[in-house]
Amino acid sequence: MRRLLGKSGVWLVGAAIILLTPAIFDSGFALSIMGQMGVAIIFALAYNMLLGQGGMLSFGHAVYFGLAGYFTIHYLTLMGDEVVGYFPVSLLPIFGGVVGLIFGIAIGFVSTRRAGTTFAMISLGFSEMVTALTLILVAFFNGEEGIQTDRWVGPEPLGITYGPDIQVYFLIGVWCFLATLAMYAITRTPFGRMSNAVRDNPERAQFVGYNTQRVRWLAFALSSFFAGLAGALHAINFEHVGFETVGLAQSGIVLFMVFIGGVRNFSGPILGAVLITLLTSTLGGITEAWLLYFGVFFVLMVIFAPGGLAGLIMLHEPVWKTDVRLLRGMILPYAGGLGTALIAGVGVIGLIELIYFSSHKLTGESRMVLLGVETSVFSAVPWLVCAAIAAGGIVLCRKSFPRMARSWNAAIDEVRARAAA
Amino acid sequence: MTALEVLLFSLFNGILYGLLLFMLSSGLTLIFSMMGILNFAHASFFMLGAYFAYQISKYVGFWPALIFAPLIVGVVGALIERYGLRPVHKFGHVAELLLTFGLAFVIEEVVQMIWGKAPVPYEIPQSLKFPAFNWLGLDYSAYRVFMVLISVAIFVGLYAFIKRTRVGLIIQAALSHPGIVGTLGHNVPRIFMLVFGFGSGLAGIAGVLGGNALGTEPAMAIQLGTIVFVVIVVGGLGSLGGALIASIFIGILTNIAVSYDISFRGFFMALGVSKDAVGVGSDLVNMTSAGISPILPYLLLVLMLIVRPRGLFGKRDV
């Protein structure tokens, strides 16, 4: 009984978060962001079925997300015009998933013949092809403008009209919960394990008697199904789908989410999706260079933390499992490391903002608000101050980071010593 | 123009465009065949070459820019290899591809940060702005001839360098047997760094020459970058000759599609789509080869992967 509760505990917490957050953050803006988070979580988890569990790096997974979105919008419009039969809006994500599945089966047949870098290039090719098609098949895609619809159609079972935003939020929340549960269950099946095996050692998997291409194809199709499900929810949420939803930028964003969150951990993509959605919707209003910060952060993660944020957290799992008190000795070094990194970050961000402002300002304009301080880009003071902060921060980081590593090593040594004893 | 003239004209223009594609893909192929790295940021180096050349030629003119811009791009490439790619090499090729994808993103943003989102006025040098010859009533500028000469020189020079010189031999050996080459006293990591820098520099040359012919703007990297990937897959990964043939083939294919402007009306009507169809049907009936020319390279990629996955000249399945 306790084991059962322990296993389902995390799911209960997840359900509680989905149900209770609207009570705390009830503004329209917050609801919209949380809805986007739900969609991003499904999409990111679907993407990680490829990248994390199957070892397939795709640059074009937005194709299935976006195409399902287009089909969902068309279905809603046709339903409003009573051309096609009624299908409950609450179940439309299934329809989107099937659209994704069909395209995933068809395109995956060609692209999953290869793994690794070739698979990545083929996925990019298909992505570019579909993006170009949005400008050619105008009746279906309507070019750069995209298509829109009204989600308030048909009968209203239990008073659910999807007029109010809160109803759409709960629609996304319920589907997000179900999809996460389903994708977690898939990782526990023999197929999920085979997918891992094909990722790690395709030759050996072949010797055991599995058809590696078949395994990749199945993983790709399933992943496309969930991507399509997310795409349908995206379409219902915004009542609009544009050509950017199938494009490279969208595929890149989901890759960033998954990688920054962590590919080798089931909950990593969830973390990444929540964080990146939050940053995208808030940073976009503060700075114009936010995409640059994103890119730099991503590059730094690839070099220094290929396991993502979840990977960094899981490095400490043996420590807290052995003795939570061991973490206490790590607080100071970690706070030092984070603090110095923050100082360096502030300096670098200040410099980037200065460059950005001076090359984008209107003629005659010189004053800008930099990190809360009003200053002039023509005076040397802000440049020197920012450069000094950045340099100082980097010098301090070179001292504090080794200290962080030492404290982690010490804790791990202690864990090993106790395990041996 | 007669039909024959149109054919010759589009063949000629296709070869010109194809040679530019080849200049771009030669560096990528070199890096791939030597190091096994698929560099997503390769077209970003092309873009950097164009922007550096624009900035340099503003002060000292085109000819110094032709020398210095590729050199700077090469140094940037070598630094990226040293401090970015070398640390992730141990995580495998997918990690390297991820890193270069992130870099492509960062470089595009940095270019926008410094030079803005609008195209910059990087122009063809005055000294090459005269018509070199007149053919079928059309003038061909000396600049285009110059581009052709440079790309042919790159092909011949690279081929001879890799296949015929001792340095090329060592580089080839460093990929297949890094341990033995290292034991023989060669600094293998430094060889990789130099190869990567050299390949980036080649993209830089293509940027200097192509930037003023095609337009210098932040979107240029993505536009050409994906087509260059098609080129090296179709040509066969790591094959320089394959890259040349595939580049010219794609150049001619897209040019013929545009200049002939074939209508697919008959084809889709034979499939049962009515002439007066509405919606998607009307898009299909009114589709022309010029309209679909942007997707032709990708269709070629898919067909090639189904029929012959190793590409034209690939030694093994990709």
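Small disclaimer: the values here were computed from a predicted structure and weren't measured. (Residues numbered from 1 in each chain as written. Chains lettered and ligands numbered in written order. Predicted model: local features only at pLDDT ≥ 70, side-chain atom pairs only at ≥ 80, totals over all residues. Heavy atoms only, no water.)

K.L.:
Could you give me a rundown of the domain arrangement of chain A, with the residues and numbers involved?
P.N.:
Residue and element names in this part refer to chain A. As assigned here, chain A comprises domain 1 (2-300) and domain 2 (317-420). Between domain 1 and domain 2, the residue contacts involve five residues of the former and four residues of the latter. Area buried by domain 1 at its contact with domain 2 is led by E288, A289 and Y293, which between them contribute 77% of it. Here domain 1 and domain 2 share zero salt bridges between them. Summed over the shared surface of domain 1 and domain 2, the result is one residue pair in polar contact (both at pLDDT 80 or more). Taken together, the residues that form the side of domain 1 that touches domain 2 break down as three nonpolar, one polar and one charged. (Domains from an automatic or database assignment. Contact = heavy atoms within 4.5 Å. Buried area = accessible area lost by both parts, 1.4 Å probe. Salt bridge = Lys/Arg side-chain N within 4 Å of Asp/Glu carboxyl O. Polar contact = N/O pair within 3.5 Å; in protein donor to acceptor, adjacent residues only side chain to side chain. Nonpolar A, V, L, I, M, F, W, Y, C, P; charged D, E, K, R; others polar.)

K.L.:
Could you give me a rundown of the interface of chain B and chain A, with the residues and numbers involved?
P.N.:
Contact residues are listed per partner, giving 47 residues for chain B and 42 residues for chain A. Taking both sides of the interface into account, the surface hidden between chain B and chain A amounts to around 3900 Å²; carbon and sulfur atoms contribute 84%. On the chain B side of the contact with chain A, L98, F101 and M113 of chain B bury the most area, a combined 18% of that side's loss. One can count zero salt bridges joining chain B with chain A. Scanning the region where chain B abuts chain A turns up zero residue pairs in polar contact (both at pLDDT 80 or more). Those elements that provide at least two residues to the side of chain B that touches chain A are α3 (62-88), α4 (93-115), α9 (220-235), α12 (280-285), α13 (289-292) and α14 (296-307) of chain B. Per element, the largest residue contribution to the side of chain B that touches chain A is 16 residues, and it comes from α4 of chain B. The residue makeup of the side of chain B that touches chain A, split by class, is 36 nonpolar, eight polar and three charged. (Helix = DSSP H or I, 4+ residues; strand = E, 2+ residues; numbered from the N terminus.)

K.L.:
Talk me through the nonpolar core; I want residue IDs and the actual numbers.
P.N.:
One finds L57, F59, M183 and F226 of chain A to be the most contacted residues of the largest nonpolar core, which totals 195 residues. Within the second largest apolar cluster, six residues are counted, among which are L326, M330, I412 and V415 of chain A. (Core = buried A, V, L, I, M, F, W, Y, C linked by side-chain atoms within 4.5 Å. Buried < 20%, exposed > 50% of the residue type's maximum accessible area, 1.4 Å probe, protein only.)

K.L.:
Run through helix α6 (residues 166-176) of chain B, naming residues and quoting values.
P.N.:
Every α-helical turn comprises 3.6 residues, leaving residues that sit three or four positions apart pointing alike. Residue and element names in this part refer to chain B. Within α6, the full set of buried residues consists of G168, I170, I171 and A174. Angularly, the buried residues of α6 cover 160 degrees about the axis, an arc narrow enough to put them on a single face. What points out from α6, more than 90 degrees from its buried face, is the exposed set R166 and L169. Summarising the contacts, the buried residues of α6 are in contact with α1 (3-35), α5 (142-164), α7 (178-183) and α8 (188-214). (Arc of directions from axis to C-beta.)

K.L.:
Run through the pattern of salt bridges, naming residues and quoting values.
P.N.:
Residue and element names in this part refer to chain A. Following the criterion strictly, the structure yields five salt bridges over all chains and no others. Between R199 and D200 there is a salt bridge; the shortest N-O distance is 2.8 Å. Notably, a salt bridge pairs R416 with D413, separated by 3.9 Å at the nearest N-O pair. Within this pair, R416 and its partner D413 are both found in helix α17 (residues 380-420), separated by three residues, close to a single helical turn. According to the relative accessible area criterion, R416 is exposed, its value standing at 56%.

K.L.:
Account for the packing of α6 of chain B against α8 of chain B, with residues named and values stated.
P.N.:
Residues and elements named next belong to chain B. Where α6 meets α8, the axes come as close as 10 Å, and the angle between the chain directions of the two elements is 115 degrees. Judged on the interaxial angle alone, α8 and α6 are roughly perpendicular. When you trace α6 past α8, the crossing you get is left-handed. Across from I170, I171, A174 and L175 in α6, the residues of α8 making contact are V188, I191, F192 and V195. Split into classes, the residues belonging to the contact of α6 with α8 amount to eight nonpolar, no polar and no charged. (Axes fitted to C-alpha atoms, helices over the stretch in contact; angles between N-to-C directions. Parallel < 35°, antiparallel > 145°, perpendicular 65-115°, else oblique. Left-handed = near helix turned anticlockwise from the far one by under 90°.)

K.L.:
Just give me the short version of the packing of aromatic side chains, but keep the residues and values in it.
P.N.:
Using the criterion set out here, one finds 36 aromatic pairs over all chains in the structure. Aromatic pair Y64 of chain A and F220 of chain A: ring centres 5.5 Å apart, planes at 90 degrees, arrangement edge-to-face. Of this pair, Y64 of chain A sits in helix α3 (residues 62-80) while F220 of chain A sits in helix α10 (residues 212-238), and the two are 156 residues apart along the sequence. On the basis of relative accessible area, F220 of chain A is assigned to the buried category, the value being 2%. Considering the side-chain rings of F256 of chain A and F105 of chain B, the 5.1 Å spacing of their centres and the 70 degrees angle between planes classify their relative orientation as edge-to-face. Here F256 of chain A, found in helix α11 (residues 248-261), pairs with F105 of chain B, found in helix α4, and the two come from separate chains. Under the relative-accessibility criterion, F256 of chain A is labelled buried at 1%. (Phe/Tyr/Trp six-rings, centres within 6.5 Å; stacked < 30°, edge-to-face > 60°.)

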